[in-house]
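Now for the letters of each chain:
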Amino acid sequence: MTGIETTVVHGGREDLRRLGVHTPPLDRSTTYPVRTLAEGTEDLDHLADGGGDPHHSPIYARLHNPTVARWERGIAELERAEAAVAFGSGMAAITATLLAAGAIGRHVVAIRPLYGGTDHLLASGLLHIRTTWATPDTVAEAIEDDTVLVLVETPGNPTLTLVDIRDVVAQAGDVPVLVDNTFATPILQRPLTLGATWALHSATKALGGHGDVIAGVVATSEARARDLRQVRVATGALLDPQAAALLHRSLQTLALRVRAAQANATELARRLATHPGVLRVSHPSLPSCDQRGIVARQMDGPGSLLTFEVAGGLEAAGTVMESVRLLIPAVSLGANDTLIEHPAGLTHRVVDPSALASTGIGPGLLRVSVGVEDVDDLWADLDQAIAVATGFSVHGAVQGPEVERCPAVPDQLPEPAGAGRPA
Ligand SMILES: *Cc1c(COP(=O)(O)O)cnc(C)c1O
């Protein structure tokens with residue numbers, strides 16, 4: 001097993017030297033000539049059965065694509081998985097995993113907060129899935145006879161709440177656990193090595209990294225991958241080969257990008273925690289956000305997303321978003337440039353309001369996906385935007401109390417004595 005830095009550069013490229021090329025070829029064929037009818041039938045049977053052997057003819061592009069399969073091998077290697085299966089979006093990947101697990105008409109246990117779209121998919125009843133919302137400590141008691149899957153996201157979107165994956169796997173017993181690993185990326189966290197059954201990504205985010213591809217991918221065992229490929233063939237939620245080629249190119253810089261953005265996020269979180277216009281900051285690097293020591297136990301770093309609560313609630317949060325000049329006021333995350341958004345009004349708008357409140361997604365909360373720019377430029381821009389919104393600047397005379405408390409789930413973290421600001 002090679003180191004992560006080597007895997008991102010060489011993963012999925014094993015056959016290139018034999019092919020006599022340096023970069024992965026982009027195969028755009030929708031159909032493939034069959035050599036003999038007997039061979040074609042055999043190849044078709046293999047693929048329809050969920051097989052992924054690249055030595056078979058793809059027959060038809062909904063069954064298999066070599067460019068997509070190369071990127072999948074790179075992701076599988078990174079996630080320490082036997083296989084990975086790519087989809088046309090993160091939501092398509094989540095839906096396919098639910099279908100493959102047999103969740104329709106059955107029961108799922110999920111821990112909030114989740115990505116707004118995932119929360120909505122489960123809470124809306126659209127797929128006829130019954131969902132019990134558990135906390136990290138109540139997974140075992142939430143399991144029922146027909147529970148087919150436990151779903152967890154850590155760090156959670158958007159509050160960066162951390163969940164101990166090994167502990168959830170232990171509580172789940174025989175029920176397989178799906179970890180949405182989008183926020184951590186396989187550079188910082190590899191859920192399968194912690195006992196999870198599936199590690200899923202919205203590859204639209206850091207795996208793509210440049211804001212120009214929508215994609216999803218699931219890493220798992222070969223047996224589970226066969227089920228996912230069958231769902232993909234049957235439902236057609238494909239990844240386009242052009243997108244796969246971009247993703248494979250982006251993979252080579254994933255470790256560099258994630259580490260550079262993470263260093264910036266850690267520094268911005270530290271500075272925001274002392275900003276007089278900021279009530280709360282959440283980033284897994286802050287000790288108050290990781291009281292159970294989860295980063296050290298299951299991650300190789302705190303990641304590049306942070307949230308902060310600006311004084312002045314919804315109106316101030318809107319003013320910050322309208323006042324930034326370098327930061328981009330936009331949803332999505334994991335890009336090279338820094339994006340700032342308002343979860344309650346945008347990404348998590350579809351979530352039940354009471355669930356928003358109980359998971360700490362308040363009207364003043366802003367989420368920042370930190371990019372790889374110069375950290376002092378990012379800080380100067382954030383500070384001036386917060387100053388417009390609150391009247392407080394780090395350069396001003398007014399100095400507020402030092403705060404680094406997380407907007408975490410109230411019943412998960414004890415209230416630190418004396419934390420928070422007077423009303
Ligand atoms: C964006 C996102 C998704 C959905 O992915 P799409 O590619 O937008 O379909 C799922 N989970 C998380 C954590 C996300 O951030």
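Analysis parameters
- Residues numbered from 1 in each chain as written.
- Predicted model: local features only at pLDDT ≥ 70, side-chain atom pairs only at ≥ 80, totals over all residues.
- Heavy atoms only, no water.
- Near = heavy atom within 4 Å.
- Areas by Shrake-Rupley, 256 points an atom, 1.4 Å probe, with all protein chains shown as cover.
- Nonpolar A, V, L, I, M, F, W, Y, C, P; charged D, E, K, R; others polar.
- Salt bridge = Lys/Arg side-chain N within 4 Å of Asp/Glu carboxyl O.
- Helix = DSSP H or I, 4+ residues; strand = E, 2+ residues; numbered from the N terminus.
- Buried < 20%, exposed > 50% of the residue type's maximum accessible area, 1.4 Å probe, protein only.
- Axes fitted to C-alpha atoms, helices over the stretch in contact; angles between N-to-C directions.
- Left-handed = near helix turned anticlockwise from the far one by under 90°.
- Contact = heavy atoms within 4.5 Å.
- Pairing = 2+ DSSP bridges.
- Phe/Tyr/Trp six-rings, centres within 6.5 Å; stacked < 30°, edge-to-face > 60°.
- Lys NZ or Arg CZ within 6 Å of the ring centre and 35° of its normal.

Visitor: Which parts of the structure should I look at to understand the site of the ligand?
Guide: The ligand sits among 13 residues. The nearest are Met 91, Asp 180, Ser 202, Thr 204 and Lys 205. For the ligand, the accessible surface in isolation is 380 Å², of which the surrounding protein chains cover 94%. Across the shell around the ligand, the residue classes break down as 4 nonpolar, 6 polar and 3 charged.

Visitor: Explain the pattern of salt bridges here, please?
Guide: Should their charged atoms come close, side chains of opposite charge can pair. A complete count under the given rule lists 19 salt bridges for this structure. Here Arg 297 and Asp 164 are joined by a salt bridge, their closest N and O atoms 2.8 Å apart. Residue Arg 297 is found in helix 13 (residues 294-298), and its partner Asp 164 is found in the loop between strand 4 (147-153) and helix 8 (165-172); the two are separated by 133 residues along the sequence. Judged by relative accessible area, Arg 297 falls into the partly exposed class, the value being 39%. Residue Asp 300 is joined to Arg 190 by a salt bridge in which the shortest nitrogen-to-oxygen separation is 2.7 Å. In this pair, Asp 300 sits in the loop between helix 13 and strand 9 (305-310) while Arg 190 sits in the loop between helix 9 (185-188) and strand 6 (198-202), placing the two residues 110 residues apart along the sequence. Here the residues in one salt-bridge network are Glu 14, Asp 15, Arg 70 and Arg 73, joined through shared partners.

Visitor: Looking at this structure, how should I read the packing of helix 5 (residues 90-100) against helix 6 (residues 116-123)?
Guide: Axes are the key here: two packed helices are described by the angle between their axes and the distance separating the axes. Direction vectors running N to C along helix 5 and helix 6 enclose 35°, while the axes themselves pass 10 Å from each other. Classified by chirality, the crossing of helix 6 by helix 5 is right-handed. Here helix 5 contributes Met 91, Ile 94, Thr 95 and Leu 98 to the contact with helix 6, which in turn contributes Gly 117, Thr 118, Leu 121 and Leu 122. A per-class count over the contact of helix 5 with helix 6 returns 5 nonpolar, 3 polar and no charged.

Visitor: Sorry, what's going on with the environment of Leu 99 here?
Guide: With respect to the helices, strands and loops of the structure, Leu 99 is situated in helix 5. Contact partners of Leu 99, with chain neighbours within four places excluded, come to Ile 104, Val 231 and Thr 235.

Visitor: Explanation requested: the pairing of strand 12 (residues 365-369) in the structure shown.
Guide: Within a regular strand, side chains alternate between the sheet's two faces. With 5 of its 5 residues buried, strand 12 lies for the most part within the structure. Here strand 12 shows no split at all, with Leu 365, Arg 367 and Ser 369 on one side and Leu 366 and Val 368 on the other all buried. With 5 bridges connecting them, strand 9 and strand 12 associate as antiparallel partners. Along strand 12, the bridge assignment pairs Phe 308 with Leu 366. In the sheet, strand 11 (residues 339-341) pairs with strand 12 via 3 bridges, with the strands oriented antiparallel.

Visitor: I would appreciate a short explanation of the packing of aromatic side chains in the present structure.
Guide: On inspection of all chains with the given rule, the structure shows 0 aromatic pairs. Above the ring of Trp 133, the side-chain terminus of Arg 112 is found at 3.7 Å from the ring centroid. Over the ring of Tyr 115 we find Lys 205; its NZ or CZ atom is 5.0 Å from the centre of that ring.

Visitor: Teacher, can you tell me more about the sheet that holds strand 1 (residues 83-87) here?
Guide: Two orientations exist for strands paired in a sheet by backbone hydrogen bonds: parallel and antiparallel. The mixed open sheet is built from 7 strands, whose spatial order is 1-7-6-5-4-2-3. At either end of the open sheet lies a strand with only one pairing partner, and these are strand 1 and strand 3 (130-134). For this sheet the average axis-to-axis angle between neighbouring strands, irrespective of direction, equals 20°. On top of the sheet, helix 6 reaches strand 2 (107-111), strand 3 and strand 4; it is set at about 130° to strand 3, its chief contact.

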